[in-house]
Amino acid sequence: MPAVYSTGLKRLISCNSLQLTSRIQRSHHLLSDGYPACFAAQRTRLRGSIKDVPRTSIAKFKRHILEQKHYQSKLLMFSTTSMLLNREVPLTSEQYPSLKRGNFGSVEADDVSFFESILPGRVVTERDELEGANTDWLRICRGQSKLLLKPKTTEEVSKILQYCYKRSLAVVPQGGNTGLVGGSVPVFDEIVISTALMNEIRDFNQLSGTLTCQAGCILENLDQFVQKQGYTMPLDLGAKGSCHIGGNVATNAVLANGEVFNGLTTLRKDNTGYDLKQLFIGSEGTLGVITAVSLLCPPNHNL
Ligand SMILES: Cc1cc2nc3c(=O)[nH]c(=O)nc-3n(C[C@H](O)[C@H](O)[C@H](O)COP(=O)(O)OP(=O)(O)OC[C@H]3O[C@@H](n4cnc5c(N)ncnc54)[C@H](O)[C@@H]3O)c2cc1C
């Protein structure tokens, strides 16, 4: 067990139980001193949940103690989370030895130089920053990528993929890295293509409510933007503060060989050929890198 985790957790637990004990004791003390239970509870910061407690009801006071226990279990959950955060995440390839690396090329110094030439200052090889891109949100999967690329435009993504296709280098697209199934992180040494810098809002149509933006826009930022125009985003989830719209949906994409597929039409009824963009929805990066999205925002009737 890493030292940092054991000391951190011990300190947290002892500090939590100290606080809890003193709160419960204080409540007892206040009650025995003739203070109304609700007042005692107020002093223990549980005001919201027991504001209607009759003044000297013992039953309600028992409930108050139970709520303290609930609070304690919440703190225990918090302790467990911090334990998970500090633990070393095992490599995915070691957890699943049956997984075999495909017959792909390996990243060489010349490859890094090429990427530097097309993405100056946006090629990451430092261990610390790579650690975040290699590890998933739940901290259950860890890859071994040695390269993180941060393109800003569809053209840059196209150049990256053309090159990787020729060199047979494996890639994994990554948005906000909030996915819960390990799809956003490498399994072996795939190159991570992050959409973090593809965060430009291109167009918003006030009449139709259609929004066109780059794939790396954070869902919450988009929602704040369309709310100001009297609209709302058609989706909402707990990870909205970090997940990217490209990780949520899909339309304009760069295929694995670098070819650009443009499915960014905002026409409601568009029957010109196959609706290929539907294939990208839920594709989890297996068909190409989504670089931009257009979607229809419903009006916000709560305004
Ligand atoms: C607190 C919390 C609450 C959540 N709630 C929900 C929920 O209610 N509903 C739900 O469905 N999910 C939920 N999730 C899971 C996750 O947030 C969503 O799946 C989200 O859509 C992932 O977006 P992301 O930008 O973080 O994508 P990532 O996690 O970065 O990637 C997810 C997958 O999409 C691929 N991908 C990412 N960007 C691109 C791109 N530009 N082009 C091609 N492929 C790409 C990745 O390779 C990966 O396979 C939640 C997660 C958290 C942490």
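Conventions used here
- Residues numbered from 1 in each chain as written.
- Predicted model: local features only at pLDDT ≥ 70, side-chain atom pairs only at ≥ 80, totals over all residues.
- Heavy atoms only, no water.
- Near = heavy atom within 4 Å.
- Polar contact = N/O pair within 3.5 Å; in protein donor to acceptor, adjacent residues only side chain to side chain.
- Areas by Shrake-Rupley, 256 points an atom, 1.4 Å probe, with all protein chains shown as cover.
- Helix = DSSP H or I, 4+ residues; strand = E, 2+ residues; numbered from the N terminus.
- Domains from an automatic or database assignment.
- Phe/Tyr/Trp six-rings, centres within 6.5 Å; stacked < 30°, edge-to-face > 60°.
- Buried < 20%, exposed > 50% of the residue type's maximum accessible area, 1.4 Å probe, protein only.

Chemist: Teacher, can you tell me more about the site of the ligand here?
Modeler: Around the ligand, a shell composed of 26 residues is seen, among which P173, G175, T178, G179 and N248 lie nearest. Note that an oxygen atom of the ligand is positioned 2.9 Å from one of the backbone N or O atoms of N177. Residue G179 places a main-chain N or O atom 2.7 Å away from an oxygen atom belonging to the ligand. In isolation the ligand has 970 Å² of accessible area, and contact with the protein removes 77% of it. For the shell around the ligand, the secondary-structure elements that each account for two or more residues are β3 (171-174), α9 (245-248) and β9 (288-296). Two domains each put at least three residues into the shell around the ligand: domain 2 (100-194) and domain 3 (201-296).

Chemist: Can you walk me through the packing of aromatic side chains in this structure?
Modeler: The geometry of an aromatic ring pair comes down to the distance between the two centres and the angle between the two planes. Across all of its chains, the model carries six aromatic pairs by this definition. Ring centres 5.6 Å apart and planes at 70 degrees place the aromatic pair F114 and F115 in the edge-to-face group. Overall, the relative accessible area of 26% leaves F114 in the partly exposed class. Here F115 falls in the buried class, since its relative accessible area comes to 0%. Geometrically, the ring pair formed by F114 and Y163 is stacked, given 4.1 Å between the ring centres and 10 degrees between the ring planes. Of this pair, F114 sits in helix α5 (residues 109-118) while Y163 sits in helix α7 (residues 154-167), and the two are 49 residues apart along the sequence. Taken together, the ring pairs connect F114, F115 and Y163 into an aromatic cluster.

Treat this as a map of the structure, not an account of what it does.
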